[in-house]
Amino acid sequence: MMCSRQHDNDNADANSSSSSPLVYSTGNMSRLLNTAKEEGWRVLGAAAESPNDINDEHQQQCFDLQNISGNTPTILVLGSEGSGLRRLVAKACTDFVRIPGGVTTGTAAGVDSLNVSVTGGILLWHLAQIQKRNDVST
């Protein structure tokens, strides 16, 4: 899924993805994610740490990748390189996931300098492996 508005026209990575067929395009990503949440989807935002100021209702957790279970339908949200997740999109996330790394800053211990396509590949591979294990055990 992609936001139909091109927010970063100067980013070659973002532009190259627009030549691929889209599964779903939306003009309002945060509304779509909130609707998915209401329908029982887990919305995981990729982030090195949980943003502090996005949700007054509850503080979303930021889980290390290996602590994510695969028993819930999941939407994985990747932000743009540099600025990350937009505030309203982050607010629509149920929780956050990080790729654990060797650098610890405060309470966060995630890798925060990967290309968004590399991050997406690592996270999707991990979620696919969890799903594969769940399918074998059922």
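Up top is the structure.
Note that the structure is a prediction, hence the values are computed from the model and not measured.

Participant: A description of the overall build of the protein should follow, citing residues and the corresponding values.
Facilitator: When helices and strands are counted, the protein shows 4 helices and 8 strands. Listing every helix and strand of the protein by position from the N terminus yields β-α-β-α-β-β-β-α-β-β-β-α. Across the 138 residues in the protein, those meeting the buried criterion constitute 32%. In the protein, once contacts between residues fewer than 6 apart in sequence are set aside, the share between residues at least 24 apart is 70%. For the protein, the accessible surface area stands at approximately 8,700 Å², while carbon and sulfur atoms represent 51% of it.

Participant: Give me the sheet that holds strand β4 (residues 62-64): which residues, what numbers.
Facilitator: Working definition: the strands of a sheet are paired by backbone hydrogen bonds and lie parallel or antiparallel to each other. The parallel open sheet is built from 4 strands, whose spatial order is β4-β6-β3-β5. The sheet is open, and its two edges are formed by β4 and β5 (74-77), each paired on a single side. Averaged over neighbouring strand pairs, the angle between their axes works out to 35° when direction is ignored. Pairing of β4 with strand β6 (residues 95-98) involves 3 bridges; the strand directions are parallel. By the bridge assignment for β6, Cys 62 is matched with Phe 96.

Participant: Describe the pairing of strand β3 (residues 42-46), naming the residues involved and giving the relevant values.
Facilitator: For β3, the buried fraction is high: 5 of the 5 residues fall into the buried class. Burial along β3 is two-sided: Arg 42, Leu 44 and Ala 46 and Val 43 and Gly 45, pointing in opposite directions, are all buried. Sheet topology places β3 next to β5; 4 bridges connect them, and they run parallel. Residue Val 43 lies in a different strand from β5, and its bridge partner there is Ile 75. As paired elements, β3 and β6 share 3 bridges and run parallel to each other. By the bridge assignment for β6, Leu 44 is matched with Asp 95.

The rules behind these values
Residues numbered from 1 in each chain as written. Predicted model: local features only at pLDDT ≥ 70, side-chain atom pairs only at ≥ 80, totals over all residues. Heavy atoms only, no water. Helix = DSSP H or I, 4+ residues; strand = E, 2+ residues; numbered from the N terminus. Buried < 20%, exposed > 50% of the residue type's maximum accessible area, 1.4 Å probe, protein only. Contact = heavy atoms within 4.5 Å. Areas by Shrake-Rupley, 256 points an atom, 1.4 Å probe, with all protein chains shown as cover. Pairing = 2+ DSSP bridges. Axes fitted to C-alpha atoms, helices over the stretch in contact; angles between N-to-C directions.

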